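Spelled out, the chains give:
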Amino acid sequence: MPDYWLIDEPSSLVFLLGWDKRRKVVARGQFPGVYLRAMFVRTNVMTASSASVVHTAFTSSRPSLPNVDVCIIGAGPVGGSLACRLAVAGIRVAIVDRADLPPMEHPDFDGRAYAIAAGPKKLLEDAGIWDALPLPAGPIEDILVTDGRPGEPASSLFLEFTREDAHQPFGWMVEARALRVALNAQLHTTPNITVLAPAEAKVVRKSEGADIHLKDGRSFKASLVIAADGRKSRLRSEAGIPLTKLSYGQTAIVCAIAHEFPHDNGALEHFLPAGPFAQLPMAGTDEHPYLSAIVWSDKDALAQRFADLPDDLFAREVERRMGSNRLGKVTPVGRRWVYPLSAQYAQRYTDTRLLLVGDAAHGIHPIAGQGLNLGFRDIIALSDILLAGHANGEDLGAPALLARYQARCRPANMLMLAATDALDRLFSNDNPVIRLARDMGIAGVHRLPRLRKAFVKHAMGL
Ligand SMILES: Cc1cc2nc3c(=O)[nH]c(=O)nc-3n(C[C@H](O)[C@H](O)[C@H](O)COP(=O)(O)OP(=O)(O)OC[C@H]3O[C@@H](n4cnc5c(N)ncnc54)[C@H](O)[C@@H]3O)c2cc1C
């Protein structure tokens, strides 16, 4: 029988715009003492502050916590959203994260953002998270796909998705800090959720149910355990679920840039020989009315050196990678983040009373900004299955129900992984024959509105 100790380990890479370490960094370093926790503390909520108050009593008497239907390990964007979605529908959820989950953080700009597609936006609305975003999301209404070399104008063959291809924005740029603030606030205020963070859990899974033991001595039972603990998922490896990894030899530089001219809600995906360069339109601020996020993938050996350049040289390198002067003069804003890129997938998503979701199940190249969106699609499918099971009085950890989830999500996720992998390999090279063929390919798609619309529909998760 598997037996799991979830202990502190270096955090997994993740995110666009990266996430694991953020909470600790913010909590410990940058803005100590600014949380407004008292506003959100409820009796069934064990935040760092409330937990520390009750902790002495727990360690002396070690009472059990209430049993739940579902225990989620990992309160990143996927685990956190899933918890809210299930709880608003009446499912009792406990969520455990080794990091602190302050209900409110000082909203300082950190330069990272997620592109959230239309389908996942609806999920965030249903879970009450979208309306709690403290900062406006920026719509993406136009996407230009071009090919080129640094310092040269983009090829004259291009692909453009415009407002006519979808009758709503393709997606929204949501600042990472805004999503985090909204998510943590919802976790702490939604009925039916017990938040256990920072906490370490030992999970013992048996065919009749799972026992979750916290390091401080408290324990509870759940019908189902969901691993949402990111790329380096401990639950996945302890369950012996094999993982396949693909490496790209690329590292992404992620940051925000202010620019001279408005982006008009337009995004750019510019393919360069060393890796794709993406510009994504963000909502402006008083200080920077024209603002975008960039995800610049380059060779491992060069990326850190580019990221360490002084502002003026960094800005010049960014301008050289835009393929045009569309946005004018560029100024880097805030911190620069560096993420080595790889893809990976779990060979299966289930084990006894266990499911994998989000990056614990799959991690893809950020070329199409779909990583988190895939995780959100997992939880759209999973919450449908769990809500139906709950309504019918089914055992939420029953093998048939877990198999339904895997059958619904894994094939589509594998397809997206293969597509992003192929796109990166096709475009990250300078072979003139391949260059001509791919330029004709993108220009061909540009001329086929029905195909364009089909692509758009899929990417939007509709
Ligand atoms: C450069 C880059 C750009 C990207 N851009 C985009 C984009 O534009 N759009 C998009 O959709 N996606 C994007 N992604 C992908 C996206 O960042 C990830 O898919 C997303 O963060 C995964 O969320 P998650 O909740 O599954 O995992 P994570 O964000 O990794 O969260 C895991 C959580 O589990 C907790 N945890 C870990 N281990 C334990 C443990 N043992 N016990 C308890 N808790 C634990 C962590 O503290 C954390 O809170 C990008 C990724 C990269 C690298």
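Along each chain, residues carry numbers from 1 onward, in the same order as the chain's sequence is written. The predicted nature of this model means local features are confined to residues of pLDDT at least 70 and side-chain atom pairs, given and counted, to a pLDDT of 80 or more, with totals for whole chains, interfaces and linings taken over all residues.

## Some remarks on the overall build of the protein chain
Then, number 1: Helix numbering and strand numbering both begin at the N terminus, where a helix is a DSSP run of H or I of at least 4 residues and a strand a DSSP run of E of at least 2. In terms of helices and strands, the protein chain carries 12 helices and 20 strands.
Then, number 2: With C-beta atoms placed from the backbone, a residue counts as buried when 20 or more other C-beta atoms lie within 10 Å of its own, as exposed when 12 or fewer do, and as partly exposed for counts between those limits. Relative to its 462 residues, the protein chain shows a buried fraction of 51%.

## What to know about the nonpolar core
Then, number 1: Core membership is restricted to buried Ala, Val, Leu, Ile, Met, Phe, Trp, Tyr and Cys residues, and these are joined into a nonpolar core through C-beta atoms within 7 Å. With 125 residues, the main nonpolar core has Val70, Cys71, Val93, Ile95 and Val357 as its most contacted residues.
Then, number 2: The contact partners of Val70, leaving out residues within four places of it in the chain, are Leu86, Ile91, Val93, Ala222, Ser223, Leu224, Ile226 and Leu396. Once C-beta atoms have been placed from the backbone, residue pairs whose C-beta atoms lie within 7 Å are recorded as contacts.

## Remarks on the sheet that holds strand 6 (residues 142-147)
Then, number 1: Strands pair, by our definition, only if DSSP identifies at least two bridges between them. Across the sheet, which stays open at both edges, the eight strands sit in the order 7-6-14-15-16-13-17-20 with mixed pairing between neighbours. A strand with exactly one partner marks an edge of an open sheet, and here the two such strands are strand 7 (159-161) and strand 20 (362-363).
Then, number 2: The sheet contact formed by strand 15 (residues 275-282) and strand 16 (residues 291-299) spans six bridges and is antiparallel. Bridge assignment links Gln279 to a residue of strand 16, and that residue is Ile294.

## Comments concerning unusual backbone geometry
Then, number 1: Note that the residue after Ala197, namely Pro198, is joined by a cis bond; omega there is -5°.
Then, number 2: Tracing the backbone shows Pro198 in the loop between strand 9 (193-196) and strand 10 (201-206).
Then, number 3: Positioned with a positive phi, Asn192 is a non-glycine residue whose angle comes to about 80°.
Then, number 4: Looking at the element boundaries, Asn192 is found in the loop between helix 5 (176-189) and strand 9.
Then, number 5: One non-glycine residue, Asp264, lies in positive phi territory at about 50°.
Then, number 6: By secondary structure assignment, the location of Asp264 is in the loop between strand 13 (243-259) and strand 14 (266-272).
Then, number 7: With 10 C-beta atoms counted inside 10 Å, the residue Asp264 sits in the exposed group.

## With respect to the sheet that holds strand 4 (residues 113-117)
Then, number 1: The antiparallel open sheet is built from three strands, whose spatial order is 4-8-5. Of all the strands in the sheet, the pair left with one neighbour each is strand 4 and strand 5 (138-140). Across the sheet, the axes of successive neighbouring strands diverge by a mean angle of 30°, strand direction being ignored.
Then, number 2: Bridge count between strand 4 and strand 8 (residues 171-175): five bridges; the pairing is antiparallel. By the bridge assignment, Ala115 is partnered in strand 8 with Met173. Axes here refer to lines fitted to C-alpha atoms; in helices the fit is confined to the stretch in contact. Angles between the N-to-C directions go from 0 to 180 degrees.

## Quick look at the environment of Ala381
Then, number 1: Inspection of the secondary structure assignment puts Ala381 in helix 9 (residues 371-391).
Then, number 2: Classification of Ala381 by C-beta neighbours within 10 Å gives partly exposed; the count is 18.
Then, number 3: The spacing of Ala381 and Gln406 is 25 residues in sequence and 9.7 Å in space, taken between C-alpha atoms.

## Some thoughts on the packing of helix 3 (residues 77-88) against helix 5
Between two packed helices, what matters for the description is the angle formed by their axes and the separation of those axes.
Then, number 1: Between helix 3 and helix 5, the least distance of the axes is 10 Å, while the angle of their chain directions is 40°. Taken together, the axis directions place helix 3 and helix 5 in an arrangement best described as oblique. Crossing geometry of helix 3 relative to helix 5 is assigned as left-handed. Residue-level inspection shows Pro77, Gly80, Ser81, Ala83 and Cys84 of helix 3 in contact with helix 5, the latter providing Leu179, Leu183, Gln186 and Leu187.
Then, number 2: Charged residues are taken to be Asp, Glu, Lys and Arg, nonpolar residues to be Ala, Val, Leu, Ile, Met, Phe, Trp, Tyr, Cys and Pro, and polar residues to be all remaining types, Gly included. Its residues placed into classes, the contact of helix 3 with helix 5 shows six nonpolar, three polar and no charged. Working rule for angles: under 35 degrees goes down as roughly parallel, over 145 as roughly antiparallel, 65 to 115 as roughly perpendicular, anything else as oblique. Crossings are sorted by hand: turned counterclockwise from the far helix by less than a right angle, the near helix makes the crossing left-handed, and turned clockwise it makes it right-handed.

## Let's talk about the confidence of the model for the protein chain
Then, number 1: Confidence scores per residue from the predictor, reported as pLDDT, run from 0 to 100. Mean pLDDT for the protein chain: 83, with 85% of residues reaching 70 or above.
Then, number 2: Low pLDDT, under 50, characterises residues 1-61; the predicted model gives this stretch 108 contacts beyond four residues in sequence or across chains.

## Notes on the environment of Ala343
Then, number 1: Within the element layout of this structure, Ala343 appears in strand 17 (residues 330-346).
Then, number 2: Once the C-alpha coordinates of Ala343 and Ser247 are considered, the two residues, 96 residues apart in sequence, prove to be 6.4 Å apart.
Then, number 3: Setting aside anything within four residues of it in sequence, one finds Ala343 in contact with Leu246, Gly363, Ile364, His365, Leu417 and Asp421.

## Overview of the pairing of strand 10
Strand residues, when the strand is regular, have side chains that alternate between the two faces of the sheet.
Then, number 1: Only one face of strand 10 is buried, namely the one carrying Ala201, Val203 and Arg205, since none of Lys202, Val204 and Lys206 on the opposite face is buried.
Then, number 2: Sheet topology note: the strand 10/strand 11 (residues 209-214) ladder contains six bridges and is antiparallel. From the neighbouring strand, Ala201 faces strand 11, where its bridge partner is Leu214.
Then, number 3: Hairpin connection from strand 10 to strand 11: two residues lie between these consecutive antiparallel strands.

## Looking at the pairing of strand 12 (residues 219-227)
Then, number 1: As defined by bridge partners, strand 2 (residues 68-73) adjoins strand 12 across five bridges and the pair is classed as parallel. For Cys71, the partnering residue across the bridge sits in strand 12 and is Val225.
Then, number 2: As defined by bridge partners, strand 11 adjoins strand 12 across four bridges and the pair is classed as antiparallel. The partner of Ala210 across the bridge, within strand 12, is Ala222.
Then, number 3: In this structure, strand 12 lies alongside strand 19 (residues 354-356), joined through three bridges in parallel fashion. What sits directly across from Val225, in strand 19, is Leu354.

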